[in-house]
Amino acid sequence: MTTRANATPGFAPSRQEAHLVLYTVILCTLPHFFNISVPAILLCLVLWAYHFAAHRWSLPRAGLMTRTLLGVLLFAAAIVTNEGLTLEAFVSLLTMMIALKLFEQRHQRDEMTVVILCYFLIVSGMFFDDSILSTAYILGCILFTTAVLIHIQFPALALTPALALSWRLTSRAFPLMLLLFLVFPRIQGGLWGRPALLESNTGFADEISFGAVARLAVRGDAAFRVTFENGFRPTKNQLYWRGIVLWDCQGETWKQGGQMRPAERDMDMGAQEERRGYTVTLEPHNQRWLFALDLPVRVTSQGSRLHDDFAIHRSRPVTSRLSYQGESILDLQPVYQPTEDDRPGLQLPRGGNPRARELASRLRRTAATDAEFVEKLFDFYRENRFTYSMTPAVAPSGTDAIDWFLFNSRSGFCEHFAASFAFLLRAAGVPARLVNGYFGGEENPFGGYWLIRQSDAHVWVEVRNGDFWQRIDPTLAVAPERGLENARVATGAEGRDSLFSQFKQSAVGQWTASLFNAWDMANSRWNQWVMEYSFADQFRLFASLGIDLEKFKGLFQLLLIAVAVLGATVFFFLALAFMRKMPREGDQVARTWRVFREKLEQAGVIAHDYQGPADLLKAVTAARPDLRGRAEVIIDFYIAIRYREQATAEMLAAFRQAVRQFRPGRPGRHNRMTGVGN
């Protein structure tokens, strides 16, 4: 007869419970795979796989020293693979540490600890994505995690009834949550009161070089959404969205330079009826400027200011979704602001690109005016068969990039045409600058707003014409279709004869586009009404109910502080009361009882934290009947001390002595001696 141990020594939770906890960890971690580094993902997968295999085939488990060493290594991996102490690094560390914590499941409390830590994983997901789908997934994770927590606490309750109970608890809490969401004094920061930690998606920097905008325009995700007032619908060629103005030319690279100055005059130009008002909802891009329809004359956003080059700058980077109001006058040229030094519009590197300089000089000699010179430059681009491409050839190392583009490759994206055009203008003594922004947009018929994507990224030139800066777009001279389509279509990246293009033009493709527009509208309203619900929105809500909180603004803020202090006080006293009920470390009875349970585990008796003394004796009888007599004596001592209030000094001494002398031996040895097998 073969013999086998009844259970793995030192491990209490069943295989089913262990796998359920593992599934909970995986469910809550999966959304973070889009945010953490690839090494962190691989480490999580390895730890999960080994934990699953360890329960299935009784593999050896990591001891305390091994787990400690692994914890140090995982911390180092989180820092090294995420460029320091970033949000992603902390989330990576949390995911890996929870995966490592799975190997400590010796008691019921260990399982509960792992499941409770999963709530932190759930909440941290809101730092990266707060869309409808993400929020729905998070709510599902909360329901499942709560159900698993209930099942661990009450093993007799199966998972399906636990899920139903979790749903009922959540449903009962929802009305209170909704009430608190609407009326509780808010700290700015959206639904979760979270810090502004959504990751940058826009990618515009304070400089551009050849290829930078092309890499950005490959993406099709949203840059911002715009809702115009009074039903205004701009034409396609009016959709120039002004961003950052670049002054400092270093050849193929242009930088912002030091020409930012607050506007020294009121931008109240043009008649009021000529102004077009709109609201922009900008996705985070981690830079200090906003986008507005060219030409902006007013912007309403805290910490933002319109500068004399008509760029809008903020005191802090845009690190979370931001809504602001703007006013623009279409087809209005930026006014030239005289300064003591007009050289910034003419600055060029001391050397480099000699062929481009010679071309500018030659064309300048044949032009009587600046306007005629600009036309000759346009003719040069049209007549020399330049092509518009998102993947142009790169100049060989050590080659002047502008010369290479103008006389060799003649293939480029908008930054190639704009940067080279402005270089030629400055080389001929004509002040010029670049504007980095977007051109185009698509109207959403369901939401009544315009969606501007990353594929609409664009760069154009402004040349000084007397007292004004005039917009010039050399890209349209080479690729007029860019004025009608976004960059991907205009460059042929989405060919008109491709299968994808044919699908878009089909009935199914148009239905799919309508479905996408409806979904984007739903997400936009979700962001506007829920995720961006703010202190000001609360004031408007109360105003609609006839309550003017402006009169009690100071009292309202004082109430917020009072509620926070009261909540912290209540939490402190509840925690203090709970700690008093917990067994103290100096409780000799609790420590002796814990030693007894650990000896039973080593003997192959599976003991759960929820078991009482009587149930524990039944478990001993079932697993190790040879230990029943000695275990019953110890358990009787414990019942008498704990429940019959017979805690005399003699009884305590006898209890400790009995546990000290209890040496049950390992389960394998017992089975060999008695011939019992499984």
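Residues numbered from 1 in each chain as written. Predicted model: local features only at pLDDT ≥ 70, side-chain atom pairs only at ≥ 80, totals over all residues. Heavy atoms only, no water.

## A short note on helix H9 (residues 354-365)
Let me state the cut-off plainly: Only DSSP runs of H or I reaching four residues or more are called helices, and only runs of E reaching two or more are called strands; each is numbered from the N terminus. To estimate the expected span of a helix, count its residues, drop one, and scale the result by 1.5 Å. Each residue gets one of three labels from its accessible area relative to the maximum for its type: buried under 20%, exposed over 50%, partly exposed in between, using a 1.4 Å probe on protein chains only. The arc in question is the one spanned by the directions pointing from the helix axis to the C-beta atoms. A contact between two residues is defined here by any heavy atoms of the two lying within 4.5 Å.
In this model, H9 (twelve residues) spans 17 Å end to end at C-alpha, consistent with the 16 Å of a helix rising 1.5 Å per residue. For H9, the set of buried residues is Ala356, Leu359, Ala360 and Leu363. The buried residues of H9 occupy one face: seen down the axis, they fall within an arc of 95°. Away from the buried face of H9 by more than 90 degrees, exposed residues Pro354 and Arg365 are located. Structurally, H9 contributes buried residues whose contacts are with helix H10 (370-383), helix H11 (401-409) and helix H12 (414-427).

## What about the sheet that holds strand E1 (residues 207-208)?
For clarity, the cut-off: At least two DSSP bridges between two strands are required for those strands to pair. The axes are straight lines fitted to the C-alpha atoms, using for helices just the contacting stretch, and the angles between their N-to-C directions are given from 0 to 180°.
Strand order in the open sheet formed by three strands is E1-E5-E4, and the pairing between neighbours is antiparallel. Both outer strands of the open sheet, E1 and strand E4 (248-250), are each paired with one neighbouring strand and no more. Looking at chain direction, E4 and strand E5 (residues 253-255) are connected through three bridges and run antiparallel. Each residue of the ladder has a partner; that of Asp248, found in E5, is Lys255. Relative to the sheet, H12 contacts E1, E4 and E5, its axis offset from that of E5 by approximately 80°.

## Looking at the sheet that holds strand E7 (residues 289-290)
The three strands are arranged E7-E11-E10 in an open sheet whose pairing can be described as antiparallel. Across the chains shown, the open sheet's two edge strands, defined by having one partner strand only, are E7 and strand E10 (304-306). Pairing between E7 and strand E11 (residues 312-314): two bridges, direction antiparallel. Residue pairing in the sheet places Trp289 in a bridge with His313 of E11.

## A word on the confidence of the model for the chain
Applicable threshold: Residue-level confidence of the predictor is summarised by pLDDT, bounded by 0 at the bottom and 100 at the top.
When pLDDT is averaged across the chain, the result is 80; 82% of the residues are at 70 or more. Low pLDDT, under 50, characterises residues 1-12; the stretch is placed with 32 contacts to residues that sit more than four places away or in other chains. With pLDDT under 50 throughout, residues 669-678 is counted as low confidence; its partners more than four residues away or in other chains account for 16 contacts.

## Here's the deal with the side chain of Glu462
Note the following rule: In the analysis that follows, any N or O atom pair within 3.5 Å is treated as a polar contact, provided that within protein one partner can donate a hydrogen and the other can accept it, and provided that, for residues neighboring in sequence, both atoms belong to side chains.
Relative to the assigned elements, Glu462 resides in strand E18 (residues 457-465). Since its relative accessible area comes to 0%, Glu462 is described here as buried. One polar contact links Glu462 to Arg242, side chain to side chain, over a distance of 2.6 Å. Within the structure, Glu462 has its side chain in polar contact with the side chain of Arg433 (distance 2.9 Å). In contact with Glu462, other than residues within four places in its own chain, are Arg242, Asp294, Pro334, Pro431, Ala432, Arg433, Val435, Trp469, Gln470 and Arg471.

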